[in-house]
Amino acid sequence: MRLNKVPVREQDPEVRKKNFNEVSFGYNMEEAMSEAERCLNCKKPKCVPACPVTIDIPGFIRELKDGNVGEAAKVIARSSCLPAVCGRVCPQEEQCEGDCIVGLRGEAVNIGKLERFVADWSRQNNIEFTEKQPANGMKVAVIGSGPAGLSCAGDLAKMGYDVTIFEALHEPGGVLVYGIPEFRLPKEAVVREEINLLKKLGVKLETNVIIGRTVTIEELFKDEDFKAVFVGSGAGLPKFMGIPGENSNGVMSANEYLTRANLMKAFRNDYDTPITMGKKVAVVGAGNVAMDAARTAVRLGAESYIVYRRSEKEIPARIEEVHHAKEEGVIFNLLVNPVAILADERGWVKGLRCVRMELGEPDESGRRRPVEMKGSEFDIECDSVIMSLGTSPNPLIASTTEGINTNRHGCILIDEASGESSREGIFAGGDAVTGSATVILAMSAGRKAAAGIDKYIKEKYMR
Ligand SMILES: Cc1cc2nc3c(=O)[nH]c(=O)nc-3n(C[C@H](O)[C@H](O)[C@H](O)COP(=O)(O)OP(=O)(O)OC[C@H]3O[C@@H](n4cnc5c(N)ncnc54)[C@H](O)[C@@H]3O)c2cc1C
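Cut-offs used in this document
- Residues numbered from 1 in each chain as written.
- Predicted model: local features only at pLDDT ≥ 70, side-chain atom pairs only at ≥ 80, totals over all residues.
- Heavy atoms only, no water.
- Salt bridge = Lys/Arg side-chain N within 4 Å of Asp/Glu carboxyl O.
- Helix = DSSP H or I, 4+ residues; strand = E, 2+ residues; numbered from the N terminus.
- Buried < 20%, exposed > 50% of the residue type's maximum accessible area, 1.4 Å probe, protein only.
- Near = heavy atom within 4 Å.
- Polar contact = N/O pair within 3.5 Å; in protein donor to acceptor, adjacent residues only side chain to side chain.
- Areas by Shrake-Rupley, 256 points an atom, 1.4 Å probe, with all protein chains shown as cover.
- Contact = heavy atoms within 4.5 Å.
- Pairing = 2+ DSSP bridges.
- Axes fitted to C-alpha atoms, helices over the stretch in contact; angles between N-to-C directions.
- Patch = residues over 30% accessible without salt bridge, like charges linked within 9 Å, V, L, I, M, F, W, Y side chains within 5 Å.
- Core = buried A, V, L, I, M, F, W, Y, C linked by side-chain atoms within 4.5 Å.
- Domains from an automatic or database assignment.

The chain carries the name Glutamate synthase (NADPH/NADH) small chain in an unreviewed UniProt entry, which gives Youngiibacter multivorans as its organism.

As structure tokens, then:
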């Protein structure tokens with residue numbers, strides 16, 4: 001058995017840092033077949049329970065080995081409606097690949113890239129594989145078109161429900177379109193194509209509708225005859241540090257920066273979306289979102305810095321993202337914490353006042369607590385600061401709908417088994433429930449809620 005993965009071809013860092021094209025080229029047929037050969041097709045596979053949507057991983061790889069790529073796609077489609085997305089952005093190293101038996105002796109099978117290959121190939125070859133039950137006439141509203149809403153809608157449509165997704169923005173996809181940059185997840189070729197497959201299943205999409213403003217959940221029930229509602233409204237409310245100078249011009253949240261850059265196409269000359277084109281951009285934080293912001297800033301022509309209060313070991317972003325950011329020239333300032341943002345006489349950012357940190361005893365998260373080193377103050381020169389400190393759910397829906405209970409972070413409380421909230425007929429899942437997490441966890445929550453909604457409607461309206 002070969003112990004190493006078939007390498008994945010990528011754009012050269014010096015070339016890609018000047019464009020927004022996808023970094024990874026993925027596998028071609030020959031490479032995918034060769035990597036598939038490394039799978040042991042375990043009788044009791046550990047990779048399957050490690051996948052939040054329990055894709056039959058050995059099953060699809062077996063079909064691939066036999067040259068049946070279309071069949072492999074059908075196996076995946078039974079559990080996931082966004083395989084080309086997940087093949088690109090899932091943290092496989094912590095999930096399926098983390099538990100792969102091959103990984104005990106060498107490198108785990110590259111399950112993510114195989115999933116991506118199968119999904120891309122079947123889309124490019126127009127493989128049709130959506131099995132659907134007859135229409136049952138029951139209407140379900142889905143709020144938000146991120147991975148939670150899309151997977152809930154997809155499952156319900158397959159079960160025969162009449163599903164409408166309401167999306168606040170002008171483009172469906174949630175973080176997949178407004179957050180994750182083009183160079184990690186192509187929008188036209190991947191996200192829109194996967195959303196089109198849902199439309200083919202009969203899912204209706206209404207964009208530019210803010211539930212809680214344009215129309216309320218109460219009105220969806222009363223006036224439009226929806227029998228159940230799924231809330232997949234995500235966690236788009238950014239956190240700030242509360243340090244002096246944070247209101248200066250040139251400070252923004254990573255969500256705002258990435259939305260302007262990605263969704264509003266600020267990087268293209270033929271769009272007039274304003275964006276601060278800093279020459280020196282400091283990104284505070286070190287999660288996936290921070291890496292995306294820092295790497296976007298590089299592509300917009302800036303010198304880009306990560307400022308993070310813990311050490312390399314505690315960086316929460318995926319290893320692959322950190323590696324790519326370093327290759328593209330992002331500079332990492334570790335064990336450094338901002339205490340103030342410095343502005344010039346016109347109120348524009350001119351620097352970041354920071355202190356150096358050292359790691360003390362572990363805190364409640366289990367990670368070693370960063371402790372300020374006395375007298376270590378210093379300034380980082382920069383003209384833009386992007387805050388990437390995490391996000392929480394927007395309170396709009398809970399505050400305009402009676403009976404939805406939330407926790408102190410604004411996350412909607414649900415029954416774990418069914419996904420139902422404290423208000424009958426309203427279900428929820430994804431980041432709106434957990435706070436900011438991952439695509440696959442949001443998808444898994446959407447699927448679970450779809451099953452909960454099906455049971456609820458059948459018991460209440462279809463007996
Ligand atoms: C920049 C960035 C990079 C990330 N990278 C990764 C990664 O590499 N891998 C990974 O697994 N995860 C990643 N994540 C996290 C992942 O994208 C989220 O966990 C996931 O998208 C959550 O899905 P969701 O459906 O719950 O919410 P979202 O994707 O946030 O979708 C919610 C949708 O609801 C809409 N909405 C909100 N309120 C309303 C309303 N009142 N009415 C109508 N519509 C509404 C929003 O406009 C949005 O479209 C990243 C997140 C960000 C921000």
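Read on for the rest.
Draft legend 1. Fine view of the pattern of salt bridges. Using the criterion set out here, one finds 35 salt bridges in the structure. Where Lys74 meets Glu71, a salt bridge forms, and the shortest distance between an N and an O atom there is 3.3 Å. Of the two residues, Lys74 and Glu71 are both situated in helix 4 (residues 69-77); the distance of 3 residues between them amounts to about one turn of the helix. Residue Glu71 is classed as partly exposed on the basis of its relative accessible area, which comes to 34%.

Draft legend 2. Main features of the site of the ligand. In the region of the ligand, 37 residues are neighbours, and Val89, Ala148, Glu167, Arg184 and Asp431 sit closest. A distance of 2.7 Å is found between a nitrogen atom of the ligand and a backbone nitrogen or oxygen belonging to Val89. The separation between an oxygen atom of the ligand and a polar main-chain atom of Thr438 is 3.3 Å. When isolated, the ligand has an accessible area of 1,000 Å², and the protein chains bury 93% of it.

Draft legend 3. Spotlight on the environment of Cys411. Inspection of the secondary structure puts Cys411 in the loop between helix 14 (396-400) and strand 18 (426-428). Classification of Cys411 as buried rests on a relative accessible area of 4%. In this structure, the C-alpha to C-alpha distance between Cys411 and Pro395, residues 16 residues apart in sequence, is 8.6 Å. Not counting chain neighbours up to four residues away, the residues in contact with Cys411 comprise Pro393, Asn405, Thr406, Ala432, Val433, Thr434 and Gly435.

Draft legend 4. Fine view of the sheet that holds strand 11 (residues 331-334). Read across the open sheet, the 5 strands follow the order 8-16-9-10-11; overall the sheet is parallel. In this open sheet, the two strands that pair with only one neighbour each are strand 8 (251-253) and strand 11. Averaged over all pairs of adjacent strands, the angle between strand axes in this sheet comes to 25°, irrespective of strand direction. Pairing between strand 9 (residues 280-284) and strand 10 (residues 303-308): 5 bridges, direction parallel. Bridged to Ala282 within strand 10 is Tyr305. Helix 11 (residues 254-263) rests against strand 8 and strand 16 (384-387) of the sheet, and its axis sits at about 85° to strand 8.

Draft legend 5. Structural view of a nonpolar patch on the surface. Taken together, the side chains of Met1, Leu3 and Leu40 present a nonpolar region at the surface, about 270 Å² in accessible area. As for its position among the elements, Leu40 is in the loop between helix 2 (29-36) and helix 3 (57-65).

Draft legend 6. Structural view of the nonpolar core. With 73 residues, the main nonpolar core has Ile57, Phe60, Leu114, Val118, Leu156 and Ile453 as its most contacted residues. Here this core gets 9 residues from one element, more than from any other, and that element is helix 16 (residues 439-461). Each of domain 1 (9-124) and domain 2 (139-236 + 392-461) contributes no fewer than three residues to this core. Filtering out sequence-adjacent residues up to four positions away, Ile453 remains in contact with Val140, Cys152, Leu156, Ala228, Phe230 and Phe427. In this structure, Phe183, Met252, Ile275 and Ile315 belong to the second largest nonpolar core, which totals 28 residues.

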